[in-house]
Structure formats: C-alpha cells, structure tokens
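Summary of structural features
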Amino acid sequence: MARQGDMEMTALFDTLAGMEDRHASQIGDRSLELLGHRPDIAQVKWETPPGYDEDEARGAELGAYEALAFAVRNEERAFAFYSYLSAEAESDEIRGMAENFARDELQHAALLRQHRRRAFHAKRPATFEIPTNVDELRALARRWDAEAAVAHAGLADALRTNGEEEDAATFQRLAEDELRCAAGVHADLASVLRSAADGLRILEECFDRYASIAERSDDEALVAEAQNLASTVIARLAIAGGARSNSLLVAGGK
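Now for a description of the structure that goes with this document. (Residues numbered from 1 in each chain as written. Predicted model: local features only at pLDDT ≥ 70, side-chain atom pairs only at ≥ 80, totals over all residues. Heavy atoms only, no water.)

**Let's talk about the packing of aromatic side chains**
- With the rule as written, the count across this model stands at 3 aromatic pairs.
- Seen in terms of ring centroids, F81 and Y82 are 5.3 Å apart; in terms of plane orientation they differ by 50 degrees. Their pairing is tilted. Both residues of the pair, F81 and Y82, belong to the buried class.
- By way of ring pairs, the aromatic residues F81, Y82 and F101 are connected into one cluster.
- The aromatic ring of F207 is capped on one face by R113, whose charged end is 5.6 Å from the ring centroid.
- Against the face of W144 rests R209, its NZ or CZ located 4.8 Å from the ring centre. (Phe/Tyr/Trp six-rings, centres within 6.5 Å; stacked < 30°, edge-to-face > 60°. Buried < 20%, exposed > 50% of the residue type's maximum accessible area, 1.4 Å probe, protein only. Lys NZ or Arg CZ within 6 Å of the ring centre and 35° of its normal.)

**Details of helix α1 (residues 7-35)**
- If you check α1, its first and last C-alpha atoms are 41 Å apart, about what 29 residues at 1.5 Å a residue would give, namely 42 Å.
- Residues of α1 that are buried: M9, T10, L12, L16, H23, G28 and S31.
- Just downstream of α1, G36 is the residue with a positive phi angle, here 85 degrees. (Helix = DSSP H or I, 4+ residues; strand = E, 2+ residues; numbered from the N terminus. Expected span 1.5 Å × (residues − 1).)

**Things to note about the pattern of salt bridges**
- Inspection of the entire model under this criterion finds 14 salt bridges.
- The salt bridge involving E33 is made with R30; its shortest N-O contact spans 1.8 Å. Highlighted residues: E33 and R30, both in helix α1, separated by 3 residues, approximately one helical turn.
- Put simply, D145, D177, R180 and R236 are held in one network by salt bridges that share partners. (Salt bridge = Lys/Arg side-chain N within 4 Å of Asp/Glu carboxyl O.)

**Quick look at the packing of helix α6 (residues 196-216) against helix α7 (residues 220-240)**
- Contact geometry for α6 and α7: axes closest at 8 Å, N-to-C directions at 160 degrees. When the interaxial angle is binned, α6 and α7 end up roughly antiparallel. Crossing hand, α6 versus α7: left-handed. Residue-level inspection shows L200, L203, E204, C206, F207, Y210, I213 and A214 of α6 in contact with α7, the latter providing L222, V223, A226, Q227, L229, A230, V233, I234, R236, L237 and A240.
- The residue inventory of the contact of α6 with α7, partitioned by class, reads 16 nonpolar, 1 polar and 2 charged. (Axes fitted to C-alpha atoms, helices over the stretch in contact; angles between N-to-C directions. Parallel < 35°, antiparallel > 145°, perpendicular 65-115°, else oblique. Left-handed = near helix turned anticlockwise from the far one by under 90°. Contact = heavy atoms within 4.5 Å. Nonpolar A, V, L, I, M, F, W, Y, C, P; charged D, E, K, R; others polar.)

This is the structure in structure tokens:
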C-alpha cells in the first residue's frame, strides 16, 4: 500500500500489525510464566487462505479492496481458531486468554469490513438504488441470490472437474441454499469463477451491499432486514471460509 501511495491503508495495516505483535508478545510472556519457556514457533504453521498467494499480497496489482478482503479473511480465521481453542481448552487460564483474543480478532474483522466497504464502493460504485422499502430489498436479495447460485454452481462443477471435491461440495451446498432463497427467480451466468477465492469474493461483495444499505437507510424496518440478510451472508462465509485450511486446527487430527 505504501508503494502505491495509499497512506491511509498503510497506516491501517501498520496499526493492525502492531496489535498482532502485542498479541504475540502477550502469548510469549504468559507461556514463560506458565510453562517456563516461550512457544516454539517452528512447531506451527499458519497457511494463507485458499486462493490467496502471499507473493501476490506484495504485488503491484493488489488494490485496497483486495488487500482488505485478504485481511478480513485472516481475521475471521484467527477468530475461528481462538473460538475453537476456547471451547476445547482444559485450562481456565488458556480458555480466558483465547476468549480475549477471539474478541480482539472479531473487533479487528469488523474494523476491516468497514474499510473494505468503502474500498468496494470506490472501486465499484453502486449500480443499484438504495431500496425504499422491505419488499424492494427482498426482491433485490432474491435476484442477487439467484445470480450467486448460478455462479457458485458453476464453480462447484469446475472444482469437481479439477479434483477439488471438498471445495466443490462446499460451493454446491452454498448454491443450493442461495437457489432456495432466490424463491423461483432465475438468473443467467454473470461471471465465471475460477477458484474458491472467487467464490468467497462474491459473498463478501454481497455482504458489503447489505451493510451499505443498512448504513445509508433511515427506514428502521429496512435497516433491520438488511442486517438480517447480511447475517445470512456471514453464515455462508463461515461455511465457505471456515477454518478448513488452518493447519493449527487440523493438527493432531482435530
């Protein structure tokens, strides 16, 4: 972001990096107090989200929206990890630390989503009018679900052909849920998705639309419905992203 001259994003990522550094220091200090030594980082490995390449994160083509989407995905996976650890920990000390870190990661993700929404609208100005009532919003939601269902079903077929059965099953499940919510509305294929990351981005952009409607509307019923629809998309993101590729979670057969 600094090389691109985007100083606002540079400052944001610098701040987040500082927060995560403090997390690492706190974990090291508590480990020293409890166990007499600091964690051996060589024993664990954090994998980047599916479809993201770490080298691309340093590339000149990476824009603010893509960088923020990458960051949100990592924060969500960190939250999933700490939530898992809190639920499974036998030590009250570890459970308490994990709960605190999970809350922090959730706050980081919320902050990043706000910035990502602004970047989304800067990169791709809204092509739809803010609906004036709940019926209009629901009609839009059915259309968007129909379009997403077609795209995700096509992605599932492509992933299955490529031998990526697990991801294919995930996006097929999403497509079926979206088709059900479309309630009979049909759509043509609007875009060809080539990877799980593409499938996630459709969901992220849909969340940003609903969040934007909720922020810009003065109608309480409309705001409540937009927030409800945004929650549905978050649930889909949890299915699509989850923590499947987080090696910290799958280590030891977990």
